[in-house]
Amino acid sequence: MVVQATTGSGHLVGQRSIKTILLEIFGPLLQVLMFVLGSATILSLIVILFAFVLRGSRTDIDLLQGTLIILPQVIIDGMVRGFLFATIALGYTMVYGVLEFINFAHGEIFMVGAFVGAGFGLSLAQQRMLADFPPLLFVVLAILLGMIVSGVLAMLTERIAYRPLRNAPRLVPLISAIGMSLFLQDLVRMIALATGMGFNVRFQTPPLGGSLPLGQIPIGGDRFASFSIDSRALIFIVAAIIMLIGLNYLINVTRLGKAIRAVAQDRATASLMGINVNRIIALTFLIGGALGGAAGVLFGIRVGTINPYVGFLPGLKAFTAAVLGGIGNITGAMVGGIVLGFLEAFVASYLSLFTRGQFAGANYADIAAFSILILILIFRPSGLLGEATTQKV
Amino acid sequence: MALLELTNVHTYYGQIHALKGISLTVDQGEIVTLIGSNGAGKSTTLRTISGLLTPRQGQVTLAGRRIDRVPPHTIVNLGISQSPEGRRIFPRLTVLENLEMGAYIHSTHSPEFRADLDRVMTLFPRLRERVKQKGGTLSGGEQQMLAIGRALMARPKVLLLDEPSMGLAPVIVEQIFDIIKDINQQGTTILLVEQNALMALAIAHRGYVLQSGKIVLEDTAASLQSNEMVQKAYLGLD
Ligand SMILES: Nc1ncnc2c1ncn2[C@@H]1O[C@H](COP(=O)(O)OP(=O)(O)OP(=O)(O)O)[C@@H](O)[C@H]1O
Ligand SMILES: [Mg+2]
């Protein structure tokens, strides 16, 4: 992978060492990691501070202890949500990068991935092979199937519903995307009902194991709270990280990735380089769709039951994440997903704790997510990572 | 037979009739220049040749093969590259990545790619020091060098240059024109669009004068230089 040219005087030109390439792959990931640590730390400090302040007002429970006991679980939950939003957000941001267009059907591409995984589990169950299927192999195969189907589907939607409208006024493809979103919801519903899967589909998997104990934290006095990670959450996080590494490699190092960036920066000029712009756009949909499909499978495994409308909310939140990170910016989508995921997890858990359950958190998490969208649009339209123009694809 | 030939080409932007029957030829090994004032249709002509615009009437041929319905990326493969108006460097790709995009139709793992890279770096030594710099942070002159270098990376038979002197200091303009001449002498046929008619005619073999989408004059560069109308309108001489 080393590209170099030597001149008469023997100087190396344009050398790309392994080191540069590794930097190109892991640099953005490091940034993501920093946001993971940063979000977790800051939000933890905030809730601990709140717990301190509010401690006097409560006699029923020790608020500080209660806060600390659930903290590790909340952080893990934040990571899972964060990587979920990040993987979906990449699909929005990549498509926006090359077309300046929000693919509102992307949530449904994600949902289809979940159904493909569930269908795979179901068909194994029907053949009585599921219980003995190697769990890791199951996860890998389900993800691959979800990626293929969702990727191809995303590519088809572009070909059928967006490409013919490429030169139409900007609102027209947007409407088409919303139509595509509704169409896919109902199509999947129809197929699910017709094939006897039902409306609410259980995502069956081989036994994936229980929780892995991680450690203990002191919660005051000589008491300790032990915490663990659910194996499904672990699968989610590991798979998402592998995909993000793969995507960074693809975008920053390969010829295809450079062509995608070139098309995103200047479509007409990219075509003057001999780049087939239509093909690159199709491949962008393929890649974004495949990531969305994989996220769908992982989501299905984690939540256990899915229906044809599960793509809507995660899709909208992932879109929020993409805007949060600066739409069009790939690292930004990952970072935005992480930050939003953590915020949601903390709001969902602690709002209820601090208000004696008056605000049962899960619903308020959505309010938090969309308040963020509105705040960003008002105060920082170019996203967390600053000028989208300097960091875009 | 001419290497590149336009016959009665009409190109429109929607209702706007930008090229009104352009016919011109570029022979193997020539530098041909296209001069004319703002809005005459020079860039439109190059865009039509590159396939970014499709003529409504007339035809474009490369070595006898019709290319006026061929998409731009295929035209690059057939041997025509363009350094477009305004340079159009990919701002967030590095200099090296921009050059790699120029060589998109070739493998970047081949020895030829290294040779091409070396040739561009030798023509434009400034680019050598800036391989890792982002294209958008280069100076105007450096961007122009990169745009020409990038177009060369495709190893074109015909190189289309749209106003390579635009916005550059006189010293740099001279350098660029010297290099254009070198590139031609190394075997690349060139169609050069210029506002700077004086410099363009100095290095070109032949030239065309374009006015409101029509060719009003064509001749050898030497005759155009001494043509009274050209002197008045484009060379600033009285
Ligand atoms: N995208 C466009 N849409 C509509 N009209 C256009 C477009 N581009 C160019 N034109 C019109 O076509 C005519 C020719 O433009 P062109 O860019 O080819 O001129 P030019 O000779 O290159 O001028 P300059 O020296 O200023 O670059 C002009 O009248 C211009 O207004
Ligand atoms: Mg022009």
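Please refer to the structure higher up on the page.
Residues numbered from 1 in each chain as written. Chains lettered and ligands numbered in written order. Predicted model: local features only at pLDDT ≥ 70, side-chain atom pairs only at ≥ 80, totals over all residues. Heavy atoms only, no water.

### Observations regarding the overall build of chain A
The helix and strand tally for chain A stands at 13 helices and six strands. For chain A, whose C-alpha radius of gyration is 22 Å, the value lies close to the compact-globule estimate of 21 Å for 393 residues. Over its C-alpha atoms, taken along the principal directions, chain A stretches across nearly 75 × 60 × 45 Å. Taken across its 393 residues, chain A has 54% of its residues classed as buried. (Helix = DSSP H or I, 4+ residues; strand = E, 2+ residues; numbered from the N terminus. Rg over C-alpha atoms; globule rule 2.2 N^0.38 Å. Buried < 20%, exposed > 50% of the residue type's maximum accessible area, 1.4 Å probe, protein only.)

### Here's the deal with the overall build of chain B
In terms of helices and strands, chain B carries ten helices and ten strands. Over its C-alpha atoms chain B spans a radius of gyration of 17 Å, differing by no more than 12% from the 18 Å that the globule rule assigns to 238 residues. By principal-axis analysis of the C-alpha atoms, chain B measures approximately 45 × 40 × 35 Å. Every one of the 238 residues in chain B was classed for burial, and the buried ones make up 56%. Contacts in chain B between residues at least 24 apart in sequence constitute 66% of all its contacts with a sequence separation of at least 6. (Contact = heavy atoms within 4.5 Å.)

### Looking at the sheet that holds strand 4 (residues 57–62) of chain B
Residues and elements named next belong to chain B. Here we have four strands laid out as an open sheet, ordered 2-1-4-5, and antiparallel in their pairing. The sheet is open, and its two edges are formed by strand 2 (16–26) and strand 5 (65–66), each paired on a single side. The sheet strands contacting helix 1 (residues 42–50) are strand 1 (4–13) and strand 2, and the helix crosses strand 1 at an angle near 110 degrees. (Pairing = 2+ DSSP bridges. Axes fitted to C-alpha atoms, helices over the stretch in contact; angles between N-to-C directions.)

### Overview of a nonpolar patch on the surface
A surface patch of nonpolar side chains, about 440 Å² in accessible area, is lined by A:Leu136, A:Leu137, A:Val140, A:Leu141 and A:Leu144. Along the polypeptide, A:Leu137 turns up in helix 4 (residues 135–162). (Patch = residues over 30% accessible without salt bridge, like charges linked within 9 Å, V, L, I, M, F, W, Y side chains within 5 Å. Areas by Shrake-Rupley, 256 points an atom, 1.4 Å probe, with all protein chains shown as cover. Salt bridge = Lys/Arg side-chain N within 4 Å of Asp/Glu carboxyl O.)

### Focus on the site of ligand 1
Residue and element names in this part refer to chain B. Residues in contact with ligand 1 amount to 15 residues; listed here are only the nearest, Lys-42, Ser-43, Thr-44, Glu-85 and Gln-195. Gly-39 places a polar main-chain atom, nitrogen or oxygen, 2.8 Å from an oxygen atom of ligand 1. Within the side chain of Glu-163, an N or O atom sits 3.2 Å from an oxygen atom of ligand 1. Of all elements in the fold, only strand 2 and helix 1 reach the threshold of two or more residues within the shell around ligand 1. (Near = heavy atom within 4 Å. Polar contact = N/O pair within 3.5 Å; in protein donor to acceptor, adjacent residues only side chain to side chain.)

### A look at the coordination of the magnesium ion (ligand 2)
Looking at the magnesium ion (ligand 2), one finds its protein donor set to be B:Ser43 (OG) and B:Glu85 (OE), positioned 1.9 to 2.4 Å from the metal centre. Taken together, the residues span a long stretch of sequence, with B:Ser43 in helix 1 and B:Glu85 in the loop between strand 6 (80–83) and helix 3 (95–102) at a distance of 42 residues. (Donors = N, O, S within 2.8 Å, 3.2 Å for Na, K, Ca; no water.)

### Some details on the sheet that holds strand 3 (residues 31–35) of chain B
Residues and elements named next belong to chain B. Strand order across the open sheet formed by six strands is 6-7-8-3-9-10, with mixed pairing between neighbours. Each having just a single partner strand, strand 6 and strand 10 (214–220) make up the two edges of the open sheet. Sheet twist, expressed as the average angle between the axes of neighbouring strands with direction ignored, equals 15 degrees. Bridge count between strand 7 (residues 158–162) and strand 8 (residues 189–194): five bridges; the pairing is parallel. Residue pairing across strands places Asp-162 opposite Val-193, the latter belonging to strand 8.

### Notes on the environment of A:Thr331
All names here are of chain A. Considering the arrangement of structural elements, one finds Thr-331 in helix 11 (residues 330–354). For Thr-331, a relative accessible area of 13% puts it in the buried group. Counting along the chain gives 238 residues from Thr-331 to Thr-93, while the straight-line C-alpha distance between them is 9.7 Å. Residues contacting Thr-331, with those up to four places away along its chain left out, are Pro-28, Gln-31 and Leu-385.

### Comments concerning unusual backbone geometry
Its identity as a non-glycine residue notwithstanding, A:Glu100 has a phi of 50 degrees, on the positive side. Mapped onto the elements, A:Glu100 comes out in the loop between helix 2 (63–99) and helix 3 (106–126). Accessibility expressed as a relative area gives 39% for A:Glu100, which makes it partly exposed. The phi torsion at B:Asn8 lies on the positive side, around 50 degrees, for a residue other than glycine.

### Remarks on the nonpolar core
The biggest cluster of nonpolar side chains holds 122 residues, and the ones touching the most others in it are A:Phe138, A:Leu247 and A:Ile275. Considering every element that reaches this core, the biggest residue donor is helix 2 of chain A, with 19 residues. In this structure A:Ile275 touches A:Ala259, A:Ala262, A:Val263, A:Ala270, A:Ile280, B:His73, B:Met101 and B:Tyr104, once residues within four positions along its chain are discounted. Of all hydrophobic cores here, the second largest spans 46 residues; its members include B:Val95, B:Leu138, B:Met145 and B:Leu192. (Core = buried A, V, L, I, M, F, W, Y, C linked by side-chain atoms within 4.5 Å.)

### Thoughts on the side chain of A:Gln65
Within the element layout of this structure, A:Gln65 appears in helix 2. A relative accessible area of 16% places A:Gln65 in the buried class.

### Some remarks on the pairing of strand 1 of chain B
Residue and element names in this part refer to chain B. With five bridges joining them, strand 1 and strand 4 adopt antiparallel strand pairing. Bridged to Leu-4 within strand 4 is Leu-62. Alignment of strand 1 against strand 2, held across eight bridges, turns out to be antiparallel. In the sheet register, Tyr-13 faces strand 2, and the bridge partner there is Ile-16. Between strand 1 and strand 2, which follow one another and run antiparallel, lie two residues, and Gly-14 among them has a positive phi close to 60 degrees.

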